[in-house]
Amino acid sequence: RQPPTANQSPISPSTPGGTSNLGGPKGEVVKVPLDGKITKATELMKLAQSNLRCIDWSNITYELMSQSTGDLVTYRLSRPMRKGEQIDFFMSHSWYDDAKIKWARLTEFVNDFIHKYGREPTFWLDKVCIDQDNIGDGLKVLPVNVMACKRMLVLCGPSYPTRLWCAWELFTLFSFQAHNAA
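A quick note: this is a predicted structure, and the numbers were derived from the prediction, not measured.

1. Looking at the pattern of salt bridges
So, step 1. Counted by the stated rule, this structure contains 6 salt bridges.
So, step 2. Among the salt bridges present, the one from D56 reaches R79, with a minimum N-O distance of 3.0 Å. A residue pair is termed long-range when its members are at least 10 positions apart, and D56 in strand β3 (residues 53-56) and R79 in strand β4 (residues 79-80) qualify at 23 residues. Across the pair, R79 and D56 agree in class, each one buried.
So, step 3. The closest approach of N and O atoms between D88 and R119, which form a salt bridge, is 2.8 Å. With a gap of 31 residues between them, D88 in strand β5 (residues 87-93) and R119 in the loop between α4 (99-117) and β6 (122-124) connect regions that are remote in the sequence.
So, step 4. The buried category is assigned to D88, whose relative accessible area is 5%.
So, step 5. With a relative accessible area of 35%, R119 lands in the partly exposed category.

2. Examining the sheet that holds β4
So, step 1. With mixed pairing, the 5 strands of this open sheet are ordered in space as β4-β3-β6-β5-β7. Of all strands in the sheet, those with a lone pairing partner are β4 and β7 (149-155), marking the two edges.
So, step 2. Where β3 lies against β6, 2 bridges are found, and the strand directions are antiparallel. Each residue of the ladder has a partner; that of D56, found in β6, is T122.

3. Points about the environment of D133
So, step 1. Mapped onto the fold, D133 is located in the loop between α5 (126-129) and α6 (135-140).
So, step 2. The spacing of D133 and L72 is 61 residues in sequence and 8.0 Å in space, taken between C-alpha atoms.

4. Some points on the pairing of β3
So, step 1. Side chains R53 and I55 project from β3 onto one buried face, and the interleaved C54 and D56 project onto a second face that is buried too.
So, step 2. Two elements, β3 and β4, share 2 bridges in a ladder whose sense is antiparallel. The residue of β4 that forms the bridge with C54 is R79.

5. Points about the environment of A48
So, step 1. With respect to the helices and strands, A48 occurs in helix α1 (residues 41-51).
So, step 2. For A48, a relative accessible area of 0% puts it in the buried group.

6. Here we look at the packing of aromatic side chains
So, step 1. For the structure shown, the criterion picks out 8 aromatic pairs.
So, step 2. Plain terms: the ring middles of F113 and Y117 are 4.7 Å apart, the flat faces sit at 40 degrees to each other, and that makes the pair tilted. With F113 and Y117 both in helix α4 and 4 residues apart, this pair spans about one turn of that helix.
So, step 3. According to the relative accessible area criterion, F113 is buried, its value standing at 8%.
So, step 4. Among the residues examined, Y117 registers a relative accessible area of 44% and is labelled partly exposed.
So, step 5. By the ring-pair criterion, three or more aromatic residues cluster together here, those being W57, F89, W103, F109, F113, Y117 and F123.
So, step 6. Residue placement shows R53 over the ring face of Y75; its charged tip is 4.3 Å from the ring centre.

Cut-offs and rules
- Residues numbered from 1 in each chain as written.
- Predicted model: local features only at pLDDT ≥ 70, side-chain atom pairs only at ≥ 80, totals over all residues.
- Heavy atoms only, no water.
- Salt bridge = Lys/Arg side-chain N within 4 Å of Asp/Glu carboxyl O.
- Helix = DSSP H or I, 4+ residues; strand = E, 2+ residues; numbered from the N terminus.
- Buried < 20%, exposed > 50% of the residue type's maximum accessible area, 1.4 Å probe, protein only.
- Pairing = 2+ DSSP bridges.
- Phe/Tyr/Trp six-rings, centres within 6.5 Å; stacked < 30°, edge-to-face > 60°.
- Lys NZ or Arg CZ within 6 Å of the ring centre and 35° of its normal.

Next up, the structure:
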């Protein structure tokens, strides 16, 4: 097959057929060019390991959980992982859900955790554990961030099931977990 000309779409089917709901032939194989932006798996693993961070419960506040935007100040609330440490929870939630309700449930959950384990938990939280000046690199290694945690904590409010980001986090978890664990 020849590369597309200037007037052709670079996304093209490899076999002819009828029309699908995606605008292409049914039963086709579609090739999507990556424009040379392929990162080797070994590079992604190095990136993930060097950038993996967590936030201690003592640094999580209602104010932090009520605003979706992050910056250098919020990034500094997280810390690099210690040797041999594993993050307790990947926190999955929608920034569009009621912050007061999420905070109340999160506080209850943490109090139960402290009572059971005698220590405060650690979390992976997107806006503090991803460098907001380099979000692309953080998103590339999302599966590693999810799997670096012992468990996922889902704070599921009304908008959670409608948010693509939340679905992606769950999909990532289910993709890498044993069926009985998921």
